[in-house]
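Letter by letter, the chains look like this.
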Amino acid sequence: MQVVVAGDGESGNPFTPKGYLIRYWKKQISNDLPKPWFLLNKASPLNAAQYATYTKLVADQNALTTHLHTFCSSANLMCAPDLSPSLEKHSGEIHFATYSDKNFTNYGTNEPGIGVNTFKNYSDGENIPVNSFRRYGRGSPRDNKFDNYAPDGNVIDQSFNSYSTSTAGGSGQFTNYAANTNVPNLHFTSYSDQGTGGEQKFTTYSQQANAGDQYFKSYGKNGNGANGEFVSYGNDTNVLGSTFTNYGQTANGGDQKFTSYGFNGNVPENHFTNYGVGGNGPSETFTSYRDQSNVGDDTFTTYVKDANGGEANFTNYGQSFNEGTDVFTTYGKGGNDPHINFKTYGVNNTFKDYVKDTATFSNYHNKTSQVLASLTEVNGGKKVNNRWVEPGKFFREKMLKSGTIMPMPDIKDKMPKRSFLPRVIAAKLPFSTSKIAELKKIFHAGDDSQVEKMIGDALSECERAPSAGETKQCVNSAEDMIDFATSVLGRNVVVRTTENTKGSNGNIMIGSIKGINGGKVTKSVSCHQTLYPYLLYYCHSVPKVRVYEADILDPNSKAKINHGVAICHVDTSSWGSTHGAFVALGSGPGKIEVCHWIFENDMTWAIAD
């Protein structure tokens, strides 16, 4: 019989994972302070019968993988759907709304006449929308529109194989594609290959995404007069990578425009290989490319090599806050009178085998990025606001004073909602980069899928050697987190988090404030969520911090709206000089202390006062 949880949640079936965790807390923690229900409620939601069943199944990983989706649903995990190929013809004009998780084979192939296929509100707000388009629009002159495609998702896995190849006319438009997503993984293979005319346009593509990669292979290859335009592509993103291979190769004419590409991003990574090679009169324009970003790297390898005529224009390129790198290898080499123009071009660039005699440089910055970063007043006297060092993300300790009005960044948790696995189950699953093949089988992760990448990235970070003075451990159960925190701090500990997200993206007023452990430099353990199929935290202890609790008030009404936890790093000497804190606050490593709020669902442990 299932016993109903009552009162403060301490009663209930003792044989559930949550019941066990509550008993474990009482056993391991030596004080009688109020229990941290924000942590204890992250325990696995499995009931006693499910707990027993899956504990047995996990011993046989082949058995577990055959029950993966019921396990994921019951245990509140994040797992990708298994897709079977769809052989539906979808003839005539096609309009998809509120549609998801589909594998299209031979979609719209050789459809005659003029028409439009539209995808609207496709895979909206899902954790892992997986969609595959194979032979999409092949030989068809129809227009295709993707509006509001896969927005607000977490781990986006979309692949287009052989998109609009061998078409006469027809256009493709991607608007608001994969916006506000967490780790998009997008693949276009043979996109508009061997097409005649037509235009492909990407507008607000992957805007405000967090990490992720985009791949364009054979884009517009062997095309005749096909135009491509990328507008607001990857803007305001965090560590987004784009790879263009064989883009416009041996194409005849056509204009390719990149406008406001990678703008205001954090470490954008863009790679162009065999771009426009062997083309006839291609025109490439890069305007405001990677402008106002933080660091970032671009590589152009065999770019417009052996082309006949053609033009490449770089305007306001690479004006980043901190030093990034641009590498041009065999750029324009072997071409017939190519015109390469650079206007207001950034810093730290390498040109190898470059056609210097036909290149024009205007207002090319030959100064270090540190000098450029020190220029706080730009654009007609207005201070640039880089999204990745938004006001309030980092602040000085003197701001933590009653009555201070200051901005608060967006502290909302962007991760998918997941629960811990029970320790006995987590301990039996592989957890190592050497076991990726086993993990792929368990979690049904395909080759080169986003789930495979997500697992590999998390494990690599967990296995990374600690930085100077750091003690670290990835914990995949709440019990492991308790054990790590007590191993560093002892058993008389308290774990804290910011109470809610009120005040995010606005100004706040600091109310009453308390320094933990008397406001002295102390030890703490901070734990941050990591993207993984089940709840996983990266926990670490760094030297010389001070921890504070503060009431957060509405600056107009003075009413309390939140109770925040902030941590101040007194020793920043091991931090990199390009860290966003120094871009926001000035100064450099070891010269100032840096404070930040504990975000939603992150937490910090300290010795109890």
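What counts and how
- Residues numbered from 1 in each chain as written.
- Predicted model: local features only at pLDDT ≥ 70, side-chain atom pairs only at ≥ 80, totals over all residues.
- Heavy atoms only, no water.
- Helix = DSSP H or I, 4+ residues; strand = E, 2+ residues; numbered from the N terminus.
- Buried < 20%, exposed > 50% of the residue type's maximum accessible area, 1.4 Å probe, protein only.
- Disulfide = S-S within 2.5 Å.
- Pairing = 2+ DSSP bridges.
- Axes fitted to C-alpha atoms, helices over the stretch in contact; angles between N-to-C directions.
- pLDDT = per-residue confidence, 0-100.
- Contact = heavy atoms within 4.5 Å.
- Core = buried A, V, L, I, M, F, W, Y, C linked by side-chain atoms within 4.5 Å.
- Expected span 1.5 Å × (residues − 1).
- Phe/Tyr/Trp six-rings, centres within 6.5 Å; stacked < 30°, edge-to-face > 60°.
- Salt bridge = Lys/Arg side-chain N within 4 Å of Asp/Glu carboxyl O.
- Arc of directions from axis to C-beta.
- Polar contact = N/O pair within 3.5 Å; in protein donor to acceptor, adjacent residues only side chain to side chain.
- Parallel < 35°, antiparallel > 145°, perpendicular 65-115°, else oblique.

Draft legend 1. Representation of the overall build of the chain. Regarding its fold elements, the chain presents 11 helices and 33 strands. A buried classification covers 54% of the 609 residues belonging to the chain.

Draft legend 2. Just the state of the cysteines, in detail. Going through the model one piece at a time under the given rule, you end up with four disulfides. The residue that forms a disulfide with Cys-72 is Cys-79, at a sulfur-sulfur distance of 1.8 Å. On the sign convention where negative means left-handed, the S-S torsion of about -65° between Cys-72 and Cys-79 marks this disulfide as left-handed. Linked covalently through their sulfurs, Cys-462 and Cys-474 form a disulfide whose S-S length is 2.0 Å. Looking along the S-S bond of the Cys-462-Cys-474 disulfide, the torsion reads about -95°, which is the left-handed sense.

Draft legend 3. Representation of the sheet that holds strand 32 (residues 594-597). Across the sheet, which stays open at both edges, the five strands sit in the order 24-27-30-31-32 with antiparallel pairing between neighbours. Edge positions in the open sheet fall to strand 24 (405-408) and strand 32, since each of these has one partner strand only. Recorded for the sheet is a direction-independent mean angle of 45° between the axes of neighbouring strands.

Draft legend 4. Highlighting the confidence of the model for the chain. For the chain, the average pLDDT comes to 77, and 63% of its residues sit at 70 or higher. Note that residues 1-11 has pLDDT below 50 and, in this model, 16 contacts with residues that lie over four places away or in other chains. The low-confidence segment residues 364-385, where pLDDT is below 50, has 33 contacts with residues more than four positions distant or belonging to other chains.

Draft legend 5. Main features of the nonpolar core. Counting residues in each nonpolar core, the largest one holds 39 residues, and the members touching the most others are Phe-71, Leu-77, Leu-421, Ile-425, Phe-443, Ile-455 and Tyr-532. The set of elements that each furnish at least two residues to this core consists of helix 3 (48-58), helix 4 (61-66), helix 5 (68-75), helix 7 (423-426), helix 8 (436-442), helix 9 (450-463) and strand 29 (536-541). Examining the composition of this core, we find that six residues originate from one element, helix 9, more than from any other. Residue contacts for Ile-425: discarding those within four places in its chain leaves Leu-46, Tyr-51, Tyr-54, Thr-55, Val-58 and Phe-71. Core analysis: the next-biggest nonpolar cluster, separate from the first, contains 26 residues, Ala-43, Phe-420, Ala-485 and Leu-489 among them.

Draft legend 6. Focus on helix 9. End to end, helix 9 covers 20 Å across 14 residues, agreeing with the expected 20 Å (1.5 Å per residue, within 8%). Residues Gln-450, Val-451, Met-454, Ile-455, Gly-456, Ala-458, Leu-459 and Cys-462 constitute the buried set of helix 9.

Draft legend 7. The packing of aromatic side chains, seen in detail. One pass over the full model with this rule turns up eight aromatic pairs. Centre to centre, the rings of Trp-25 and Trp-605 are 6.0 Å apart; their planes meet at 40°, and the pair counts as tilted. Of this pair, Trp-25 sits in helix 1 (residues 17-28) while Trp-605 sits in strand 33 (residues 603-607), placing them 580 residues apart in sequence. Under the relative-accessibility criterion, Trp-25 is labelled buried at 5%. For Trp-605, a relative accessible area of 0% corresponds to the buried category.

Draft legend 8. Inspection of the pairing of strand 33 at higher detail. The buried count for strand 33 comes to four of five residues, which makes it a mostly enclosed element. Relative to strand 33, strand 26 (residues 493-496) runs antiparallel, the two sharing four bridges. When the sheet's bridge partners are listed, Arg-496 is paired in strand 33 with Thr-604.

Draft legend 9. Representation of the pattern of salt bridges within the structure. Going through the model one piece at a time under the given rule, you end up with 15 salt bridges. The residue Glu-438 makes a salt bridge to Lys-435 at a minimum N-O spacing of 3.6 Å. Classification of Lys-435 by relative accessible area gives partly exposed; the value is 35%. Members of the salt-bridge network, linked through shared partners, are Arg-423, Asp-480 and Asp-483.

Draft legend 10. Focus on the pairing of strand 18 (residues 325-329). Where burial is concerned, the two faces of strand 18 differ: the one with Asp-326 and Phe-328 is buried and the one with Thr-325, Val-327 and Thr-329 is not. Relative to strand 18, strand 16 (residues 297-301) runs parallel, the two being bridged by five bridges. Considered in strand 18, the bridge of Thr-301 is made with Thr-329.

Draft legend 11. Summary view of helix 3. Restricting attention to buried positions, one finds in helix 3 the residues Tyr-51, Tyr-54, Thr-55, Leu-57 and Val-58. Axial view of helix 3: buried residues confined to an arc of 165°, hence all on one face. In this structure, helix 3 carries Ala-49 and Lys-56 as exposed residues pointing more than 90 degrees from its buried face. Its side-chain oxygen 3.1 Å from the backbone nitrogen of Ala-49, Asn-47 forms the N-cap of helix 3.

Draft legend 12. Structural view of the environment of Pro-17. Note that Pro-17 resides in helix 1. As for Pro-17 and Ser-44, which are separated by 27 residues in sequence, their C-alpha atoms are 5.8 Å apart. In this view, Pro-17 contacts Ser-44, Leu-46, Tyr-51 and Pro-422; residues no more than four positions away in its chain are not counted.

Draft legend 13. Region of the structure containing the packing of helix 1 against helix 10 (residues 478-489). For the pair helix 1 and helix 10, the least separation of the axes is 10 Å and the interaxial angle reads 10°. Taken together, helix 1 and helix 10 sit at an angle that is classed as roughly parallel. Along the contact surface, helix 1 presents Tyr-20, Leu-21, Tyr-24, Trp-25 and Gln-28, while helix 10 presents Ala-478, Glu-479, Ile-482, Asp-483 and Thr-486.

Draft legend 14. Representation of the side chain of Thr-522 in the model. Mapped onto the elements of the fold, Thr-522 is located in the loop between strand 27 (506-515) and strand 28 (524-530). For Thr-522, a relative accessible area of 12% corresponds to the buried category. One polar contact links Thr-522 to Asn-517, side chain to side chain, over a distance of 2.9 Å.

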